[in-house]
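Here is how the chains run, residue by residue.
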Amino acid sequence: MKNLKKDCYNSFCSHIYVETKAFAYPRTKQILSHFPHAEIIEIHHYKDVFCRRKQNFELQHTAQNIILAVKSGTLIYPGAPVCQNFGNDNFYYTSCIMNCIYNCEYCYLKGMYPSGMLVVFVNLEDILDETRALLRRHPVYLCVSYDTDLAALDSVTGYIKEWICFVQERNDVTIEIRTKCANLPFESWEPLKRAVFAFTLSPQAVIDACEHGTASLPQRISCAAKAIELGFSVRLCFDPMLYCRNWKMQYDEMLQSVFSEIDAHKILDISVGTFRVSQDYLKKMRKQQPYSAVVQFPYENTGGVYRYPGGLEEEMERFLTDRLHAYVPAERIFLWKEKEEVEHV
């Protein structure tokens, strides 16, 4: 199977699985209109397809299909401890979409999900309603691009505009949209400081080796600079840092490229953190990607989380934060730390 050429696979979204109850939502029709030649398969529940046993994540990602579903049960979740909360006490996330069209080798979704298919939940209004209910208790910092790259699929779903409109109606919620995308229609959205666009930035060598299908470093930098120019809040995420050949030179050159185009005084803040992933996820990722250097690296298991050995982790994070101090003050640099979750450096 690994020797098959690309043209032997089905095209992207050649098949779309739709829950019976999802047909009642106008958004389902709108999404299907983007794929007029797709074969539509009606299903009872998305888990009947998504959670089948013995699926091959990597092969499914090569010819990725979509499941349109209606999300039920809990729709908003507390943020995970391996993620930075940027000083926000009421830190939550939601999953409008499960899985990603990008194929980053180190992505924890490969260890989290049994399938490489995309699941798009068409009942966004229910997620918004649950957010409103939570806001009656306290203000909320909400990551809406947690288990996917929401921006990469926005031309199909239009979810970012709806989230921005939701935030415009209130002053007690801030959303974060994390992305490696560089094709965002900022001109068509109303600039909003409480909608934070968090751009993951990596050296081009890391992007070429590990972040398959994503925008190049220059493209991401230009997109972030454009967002700042138009009045959006922008966070720069050097997270995860990955160990690679000549890593100091690679990250040094990356920073020079970033701040030659982006005004450091105009960014919201910066996130720094080396690669880390739960032991259960990494076990599955290693089985799926036996030849991936980043996945097969001899990480150290600390409390159920795999990470670089202490000396290397500290050296990498200290190197980058020391370099960043030349551009931004320490109070705007957030470094993930176990238990403490985040600290200023």
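Refer to the preceding data block for the structure.
Each value, and the rule that gives it
Residues numbered from 1 in each chain as written. Predicted model: local features only at pLDDT ≥ 70, side-chain atom pairs only at ≥ 80, totals over all residues. Heavy atoms only, no water. Helix = DSSP H or I, 4+ residues; strand = E, 2+ residues; numbered from the N terminus. Buried < 20%, exposed > 50% of the residue type's maximum accessible area, 1.4 Å probe, protein only. Contact = heavy atoms within 4.5 Å. Areas by Shrake-Rupley, 256 points an atom, 1.4 Å probe, with all protein chains shown as cover. Lys, Arg positive; Asp, Glu negative; His and termini not counted. Charge placed at Lys NZ, Arg CZ, Asp CG, Glu CD. Disulfide = S-S within 2.5 Å. Pairing = 2+ DSSP bridges. Phe/Tyr/Trp six-rings, centres within 6.5 Å; stacked < 30°, edge-to-face > 60°. Axes fitted to C-alpha atoms, helices over the stretch in contact; angles between N-to-C directions. Parallel < 35°, antiparallel > 145°, perpendicular 65-115°, else oblique. Left-handed = near helix turned anticlockwise from the far one by under 90°. Nonpolar A, V, L, I, M, F, W, Y, C, P; charged D, E, K, R; others polar. Salt bridge = Lys/Arg side-chain N within 4 Å of Asp/Glu carboxyl O.

Visitor: Would you explain the overall build of the chain in this entry?
Guide: Helices and strands together make up the secondary structure of the chain, namely 13 helices and 19 strands. Along the first, second and third principal axes, the C-alpha set of the chain runs to 55 × 50 × 35 Å. Counting across all 345 residues of the chain, residues that qualify as buried make up 55%. Within the chain, counting contacts between residues at least 6 apart in sequence, those at least 24 apart form 74% of the total. In the structure as shown, the chain presents an accessible area of about 15800 Å², 50% of it carried by carbon and sulfur atoms. If you average the places of the 38 positive and of the 42 negative side-chain charges in the chain, the two averages end up 5 Å apart.

Visitor: Got a minute to help me understand the state of the cysteines in this structure?
Guide: Structurally, a disulfide amounts to a covalent bond that connects the sulfur atoms of two cysteines. Tallying each qualifying case throughout the model produces zero disulfides. For the unlinked cysteine C51, the closest cysteine sulfur is that of C107, found at 17 Å. For C51, a relative accessible area of 39% puts it in the partly exposed group.

Visitor: Looking at this structure, I do not really get the sheet that holds strand β3 (residues 66–69). What am I missing?
Guide: As a general point, the strands of a sheet are linked pairwise by backbone hydrogen bonds and lie either parallel or antiparallel. Taking strand neighbours across the sheet as the criterion, the five strands line up as β2-β1-β3-β8-β6 in an open arrangement whose pairing is mixed. Where the open sheet ends on each side, the last strands, each with one partner, are β2 (39–43) and β6 (97–98). Across four bridges, the pairing between β3 and strand β8 (residues 118–121) is parallel. Following the sheet pairing, I66 is matched in β8 by L118.

Visitor: Help me out: how do you make sense of the pairing of strand β13 (residues 233–241) in this one?
Guide: Regular strands place their side chains on alternate faces of the sheet. By the criterion of burial, β13 is predominantly enclosed, with nine of the nine residues buried. Here strand β11 (residues 195–200) runs beside β13; their pairing, made up of five bridges, is parallel. From the neighbouring strand, V196 faces β13, where its bridge partner is S233. As paired elements, β13 and strand β14 (residues 269–274) share five bridges and run parallel to each other.

Visitor: What's the story with the pairing of strand β9 (residues 140–143) in this structure? I'm lost.
Guide: Of the two faces of β9, the one lined by V140 and L142 and the one lined by Y141 and C143 are each fully buried. In this sheet, β9 lies alongside strand β5 (residues 91–94) in parallel orientation, the contact comprising three bridges. Bridged to Y93 within β9 is C143. Note: β9 against strand β10 (residues 173–179), four bridges, orientation parallel. Its bridge partner lying in β10, C143 is registered against E176.

Visitor: In this structure, what is going on with the environment of F275? I would like to understand it.
Guide: The residue F275 is located in the loop between β14 and β15 (276–278) in this model. Distance from F275 to C107, taken between C-alpha atoms, is 9.9 Å for residues 168 residues apart in sequence. Contact partners of F275, with chain neighbours within four places excluded, come to Y106, P240, M241, L242, Y299, Y306, R307 and Y308.

Visitor: Could you clarify how one ought to interpret the packing of aromatic side chains in this entry?
Guide: Here a ring pair, both rings aromatic, is described through the centre-centre distance and the interplanar angle of the planes. Within this structure, the stated rule accounts for 21 aromatic pairs. Between F297 and Y308, the aromatic rings sit 5.1 Å apart at their centres with planes inclined by 80°, giving edge-to-face as the arrangement. Here the residue F297 occupies a position in the loop between α12 (293–296) and β16 (300–302), and Y308 occupies one in the loop between β17 (305–307) and α13 (310–324), the gap between them amounting to 11 residues. Judged on exposure class, the residue F297 and its partner Y308 are both buried.

Visitor: Is there a simple way to think about the packing of helix α9 (residues 217–229) against helix α10 (residues 247–261) in this case?
Guide: Taken N-terminus to C-terminus, the directions of α9 and α10 make an angle of 30°; their axes are 9 Å apart at the nearest point. Judged by the angle between their axes, α9 and α10 are roughly parallel. In terms of crossing hand, the pair formed by α9 and α10 is right-handed. Of α10, the residues touching α9 (which contributes L217, I221, S222 and A225) are M254, S257, V258 and E261. Split into classes, the residues belonging to the contact of α9 with α10 amount to five nonpolar, two polar and one charged.

Visitor: Help me out: how do you make sense of the pattern of salt bridges in this one?
Guide: Pairs can form between side chains of opposite charge whenever their charged atoms are close. On inspection of all chains with the given rule, the structure shows 13 salt bridges. Of the charged contacts, one joins R235 and E176 as a salt bridge, the two residues approaching to 2.6 Å between their closest N and O atoms. Here E176 lies in strand β10 and R235 lies in strand β13, a separation of 59 residues in the sequence. Overall, the relative accessible area of 7% leaves E176 in the buried class. Of the charged contacts in the structure, one is a salt bridge between R276 and D239, with a shortest N-O distance of 3.1 Å. Placement of the pair is R276 in strand β15 and D239 in strand β13, with a sequence separation of 37 residues. On the accessibility criterion, R276 (14% relative accessible area) is buried.

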